[in-house]
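# Inside the fold
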Amino acid sequence: MKVFPLRVGRTKVPYGQFYGGHDGFSVLDLAGDKSSFIWVPIHAYLIEHPTVGPMLLDTGIAPAQAGGHDAYYGGTVMQYFTDEDEYDLPAEERIEAQLARHGRHPEDIRHIIVTHFHEDHIGALPLFPDAEIVLSRGEYDARDSLIAGLVPLAFSKSVAQVRSWRPVDFTGPEIGGFEGSYDLFGDGSVVLLPTPGHSPGSTSALVELGGGRRALLAGDALYTVRHLAVDDVMQMQVQNGAKPVFTDTVRRIQWLHRLLPGLVVLPAHDHTPYGAGLVRALLDAEGELTDAAYAAAKAYEAETFDPAYRLNPARRPRFVPDPAGGTVGTVTGTVGD
Ligand SMILES: [Zn+2]
């Protein structure tokens with residue numbers, strides 16, 4: 001199976017949202033911190049299955065969010081919960097432009113796996129009204145629950161045109177640290193795993209790359225590969241009380257990562273050389289992972305955390321403020337957005 005990362009714009013987030021989970025960075029900070037932003041890429045994935053055809057994992061954002069914030073979110077609490085310039089989407093990075101480069105059109109996409117309902121993952125769903133939307137039952141059932149007591153998990157405009165929901169239960173066999181799974185097509189090519197914490201029913205997809213290689217498309221269960229070192233690097237938890245659930249999920253991913261030879265983990269917003277390298281490698285090699293790219297990813301992992309997933313102190317992220325005094329800085333050990 002071929003997997004193509006699609007860069008669908010970028011999002012501006014507070015540094016603490018990405019890296020402040022151990023420092024008590026809270027939803028209040030999320031709303032109030034306007035001085036230490038970073039830009040991170042947004043990735044969806046085009047998966048070309050040999051018999052099922054093309055499908056997506058997440059959709060990224062759409063122009064209505066990026067260019068018309070107030071019109072899109074106006075009259076809802078989202079207008080204030082998100083920043084006017086929260087998203088940046090150049091025309092050539094729109095998902096339909098990305099698909100066209102791979103010879104596909106939105107109407108070709110019959111299935112979309114939604115890792116979770118956050119806006120940077122489902123904003124372009126309205127482009128795919130005929131696709132079946134596959135997601136965990138936990139996420140589906142929580143669609144009207146409130147993030148931080150304020151914002152519905154699934155923003156109405158982004159999901160209004162969906163006609164076919166397919167909530168799934170993880171009733172399949174255990175894999176690694178996961179007590180259940182869901183084999184989407186019954187052939188082992190795409191196996192969904194429960195990775196809650198970042199949202200109530202966050203889901204990751206274990207996909208076959210061929211040649212004995214697999215990728216865990218992790219959505220936001222991990223923001224970057226560094227977040228596998230969960231005792232040292234943690235993202236902020238949006239849901240109240242989610243930290244133990246989130247930590248448990250990362251430990252299960254660690255277990256899977258240790259157990260499965262040939263596995264690479266691909267978060268949606270990885271702005272480290274690891275994430276950027278895998279994205280480039282998959283695109284350059286037409287959706288496959290070469291030996292060299294795999295070796296480079298494993299070398300980066302070995303330099304980043306030890307076998308117990310403790311972070312190499314030299315890889316500890318730090319915020320680097322804008323030298324010109326602006327509100328958007330960078331992070332050590334990343335390649336930018
Ligand atoms: Zn995200």
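Presented here is an overview of the structure given in this document. (Residues numbered from 1 in each chain as written. Predicted model: local features only at pLDDT ≥ 70, side-chain atom pairs only at ≥ 80, totals over all residues. Heavy atoms only, no water.)

## Notes on the overall build of the chain
Of regular secondary structure, the chain possesses twelve helices and 16 strands. Taken across its 337 residues, the chain has 57% of its residues classed as buried. Relative to all contacts within the chain whose residues are 6 or more apart in sequence, the contacts with residues 24 or more apart total 68%. For the chain, the accessible area works out to roughly 13,000 Å², and carbon and sulfur atoms hold 53% of it. Between the centroid of the 27 positive side chains of the chain and the centroid of its 43 negative side chains there is a distance of 3 Å. (Helix = DSSP H or I, 4+ residues; strand = E, 2+ residues; numbered from the N terminus. Buried < 20%, exposed > 50% of the residue type's maximum accessible area, 1.4 Å probe, protein only. Contact = heavy atoms within 4.5 Å. Areas by Shrake-Rupley, 256 points an atom, 1.4 Å probe, with all protein chains shown as cover. Lys, Arg positive; Asp, Glu negative; His and termini not counted. Charge placed at Lys NZ, Arg CZ, Asp CG, Glu CD.)

## A word on the packing of helix H11 (residues 273-284) against helix H12 (residues 291-304)
Relative to each other, H11 and H12 sit at 175 degrees, their axes nearing to 10 Å. Classified by the angle their axes make, H11 and H12 are roughly antiparallel. For the pair formed by H11 and H12, the contact residues are Pro273, Tyr274, Leu278 and Ala281 on the first element and Ala293, Ala297, Tyr300 and Glu301 on the second. Class assignment of the residues belonging to the contact of H11 with H12 gives a composition of seven nonpolar, no polar and one charged. (Axes fitted to C-alpha atoms, helices over the stretch in contact; angles between N-to-C directions. Parallel < 35°, antiparallel > 145°, perpendicular 65-115°, else oblique. Nonpolar A, V, L, I, M, F, W, Y, C, P; charged D, E, K, R; others polar.)

## Considering empty space enclosed by the protein
Considering all chains together, one arrives at one cavity of 30 Å³ or more under this definition. What lines the largest cavity is a set of 33 residues, among which Gln17, Phe81, Thr82, Glu86 and Tyr87 lie closest to the centre. Per element, the largest residue contribution to the lining of the largest cavity is four residues, and it comes from strand E1 (residues 2-14). A per-class count over the lining of the largest cavity returns 20 nonpolar, six polar and seven charged. (1 Å grid on protein atoms, 1.4 Å probe; cavity = no way out; pocket = protein on both sides within 12 Å on 5 of 7 lines; lining within 4 Å. Points joined across faces, edges and corners; volume = space filled by probe spheres on them.)

## Examining the layout of surface pockets
Roughly 260 Å³ of volume is contained in the largest pocket. Forming the walls of the largest pocket are 16 residues, and the residues nearest its centre are Pro5, Arg7, His43, Val279 and Leu283. Elements represented by at least two residues in the lining of the largest pocket include exactly E1, strand E2 (37-49), helix H6 (95-101) and H11. For the lining of the largest pocket, a count of residues per class yields seven nonpolar, five polar and four charged.

## Concerning the nonpolar core
Residues Val190, Val207, Leu256 and Leu289 are the most contacted members of the largest nonpolar core, which totals 61 residues. For Leu256, the contacting residues outside a window of four places in its chain are Ile175, Gly176, Gly177, Phe178, Leu193, Leu206, Leu216 and Leu263. Listed in part, the 41 residues of the second largest apolar core include Leu6, Ala62, Ile109 and Leu153. (Core = buried A, V, L, I, M, F, W, Y, C linked by side-chain atoms within 4.5 Å.)

## A short note on the sheet that holds strand E10 (residues 182-183)
Spatial ordering of the open sheet is given by E10-E11-E12-E13-E14, a layout of five strands whose pairing is mixed. For this open sheet the edge positions go to E10 and strand E14 (263-267), each flanked by a neighbour on one side alone. In terms of strand pairing, strand E13 (residues 213-219) meets E14 through five bridges, oriented parallel. Following the sheet pairing, Arg214 is matched in E14 by Leu263. Sitting on the sheet, H11 is in contact with strand E12 (203-210) and E14, with an inclination near 105 degrees to E14. Each of E13 and E14 touches H12; the most contacted strand, E14, lies at about 75 degrees to it. (Pairing = 2+ DSSP bridges.)

## Brief notes about the pairing of E14
Taking burial as the measure, the five residues of E14 include five buried ones, the bulk of the element. With respect to chirality, the unit in which E13 leads through helix H10 (residues 243-259) into the neighbouring parallel E14 is right-handed. (Right-handed = clockwise from strand over helix to strand, strands pointing away.)

## Observations regarding unusual backbone geometry
For Glu286, which is not a glycine, the phi torsion comes out positive at approximately 55 degrees. Following the sequence through the fold, Glu286 ends up in the loop between H11 and H12. In this structure, Tyr309 is a non-glycine residue whose phi angle is positive, near 60 degrees. Mapping Tyr309 onto the fold places it in the loop between H12 and strand E15 (319-320).

## Observations regarding the pattern of salt bridges
With the rule as written, the count across this model stands at 18 salt bridges. Put simply, Arg7 and Glu93 hold a salt bridge, and the shortest N to O gap is 3.0 Å. You can see Arg7 sitting in strand E1 and its partner Glu93 sitting in the loop between strand E4 (87-88) and H6, a full 86 residues away along the chain. The buried category is assigned to Glu93, whose relative accessible area is 15%. Between Asp231 and Arg251 there is a salt bridge; the shortest N-O distance is 2.8 Å. Linking Asp231 in the loop between E13 and H10 with Arg251 in helix H10, this pair joins segments that are 20 residues apart in sequence. On the basis of relative accessibility, which here comes to 34%, the residue Arg251 falls in the partly exposed class. Look at the salt bridges and you will find they share partners, linking Arg10, Asp88 and Asp337 into a network. (Salt bridge = Lys/Arg side-chain N within 4 Å of Asp/Glu carboxyl O.)

## Examining the packing of aromatic side chains
Pairs of aromatic rings are described using the distance from one ring centre to the other and the angle between the two planes. With the rule as written, the count across this model stands at eleven aromatic pairs. Ring plane angle 35 degrees and centroid distance 5.3 Å describe the contact between Tyr15 and Tyr19, whose orientation is recorded as tilted. With Tyr15 and Tyr19 both in helix H1 (residues 15-19) and four residues apart, the pair spans about one turn of that helix. Grouping residues by exposure puts Tyr15 and Tyr19 together as buried. Plain terms: the ring middles of Tyr140 and Trp165 are 5.5 Å apart, the flat faces sit at 55 degrees to each other, and that makes the pair tilted. (Phe/Tyr/Trp six-rings, centres within 6.5 Å; stacked < 30°, edge-to-face > 60°.)

Take it as geometry only, folks, not as evidence of what the structure does.
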